[in-house]
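Observations on chain architecture
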Amino acid sequence: QVQLVESGGGLVQAGGSLRLACAASGTIFSIRDMGWYRQAPGKQRELVATITRGGNTNYADSVEGRITISRDNVKNTVYLQMNSLKPEDTAVYYCAAEREVKPGFRRWDYWGQGTQVTVSS
């Protein structure tokens, strides 16, 4: 089992920055990709960014150029640096980890408890 603990959320004015961190513990050898998702009130959870063990990244179009995901495989921690924040970035942000269920099949099985990010206009 893997535990994910997020930190770093809060309230920030539009144009400001926040850095989220997610520390993984437990059977971390099973983790492959890690990522961040977010869910705004009344909306479905959506992908923000993902990163492979090798550091390859993928971003949602809405955050490209403003948000950077990074990963420290020694500390088993993934980060989300968010700059030029907009009110529409307001959401609960969830850290997630992908598990290799069997060779060739992966699933986003592990989720953190979520951290609130609020951007005021």
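Along every chain, residues carry numbers that run from 1 in the direction the sequence is written. Where local features are concerned, this predicted model is filtered to residues with pLDDT of at least 70; where side-chain atom pairs are given and counted, the filter is 80 or more; whole-chain, interface and lining totals use all residues. Hydrogens and waters are ignored; side-chain quantities use all the structure's heavy atoms.

Let's talk about the environment of G26
By secondary structure assignment, the location of G26 is in strand β3 (residues 18-26). Residue classification places G26 among the partly exposed residues on the basis of a relative accessible area of 48%. For G26, the residues in contact, after removing those within four places along its chain, are Q1 and Q3. Under the DSSP-based scheme used, a helix requires at least four consecutive residues in state H or I and a strand at least two consecutive residues in state E, with every element numbered from the N terminus. Partly exposed describes any residue whose relative accessible area lies between the buried limit of under 20% and the exposed limit of over 50%, with all areas from a 1.4 Å probe on protein chains only and scaled to the type maximum. Contact between two residues is taken to exist if any of their heavy atoms lie within 4.5 Å; hydrogens are not considered.

A look at the nonpolar core
Buried Ala, Val, Leu, Ile, Met, Phe, Trp, Tyr and Cys residues that are joined via side-chain atoms within 4.5 Å together make up what is termed a nonpolar core. Core analysis: the biggest nonpolar cluster contains 30 residues, and L4, M34, W36, L80, M82 and Y93 have the highest contact counts within it. Of all the secondary structure elements, the ones that give two or more residues to this core are β1 (2-7), β3, β4 (31-39), β5 (46-51), β7 (67-72), β8 (77-82), β9 (91-102) and β11 (115-120). In this structure, L80 is in contact with L18, R19, L20, W36, V48, A49, I67, T68, I69 and Y93, ignoring residues within four places of it in sequence.

A short note on the pattern of salt bridges
Close approach of charged atoms lets side chains of opposite charge pair. Note on definitions: salt bridges are taken to be side-chain nitrogens of Lys or Arg within 4 Å of carboxyl oxygens of Asp or Glu. All told, the structure shown has 8 salt bridges when counted by the stated rule. R38 is the salt-bridge partner of D89, the closest N and O atoms lying 2.9 Å from each other. Here D89 is found in the loop between β8 and β9, whereas its partner R38 is found in strand β4, with 51 residues between them in sequence. Using a relative accessible area of 1% as the deciding quantity, one classes D89 as buried. You can call R38 buried: its relative accessible area is 6%. The salt bridge partner of R99 is D109, with a shortest N-O separation of 2.7 Å. Of this pair, R99 sits in strand β9 while D109 is found in strand β10 (residues 105-111), placing the two residues 10 residues apart along the sequence. For R99, a relative accessible area of 22% puts it in the partly exposed group. Of the residues examined, D109 reaches a relative accessible area of 26% and is grouped as partly exposed. One continuous salt-bridge network, built from bridges that share partners, spans R38, E46, R66 and D89.

Here we look at the sheet that holds β3
Pairing between strands requires that DSSP locate at least two bridges from one strand to the other. Pairing in this open sheet of 4 strands is antiparallel, and the strands run β1-β3-β8-β7 from one edge to the other. Bordering the open sheet on either side are β1 and β7, each of which pairs with just one other strand. When the angles between neighbouring strand axes are averaged without regard to direction, this sheet yields 15°. Pairing geometry for β1 and β3, over 6 bridges, is antiparallel. Within β3, the residue paired with V2 across the bridge is G26. To define axes, lines are fitted to C-alpha atoms, for helices over the stretch in contact only, and angles between the resulting N-to-C directions are given on a 0 to 180 degree scale.

What about unusual backbone geometry?
Even without being glycine, N76 reaches a positive phi, approximately 55°. Its place among the elements puts N76 in the loop between β7 and β8. Phi at S84 is positive, roughly 50°, even though this residue is not glycine. By the secondary structure assignment, S84 is in the loop between β8 and β9.

Just distances and angles here, no functional claims.
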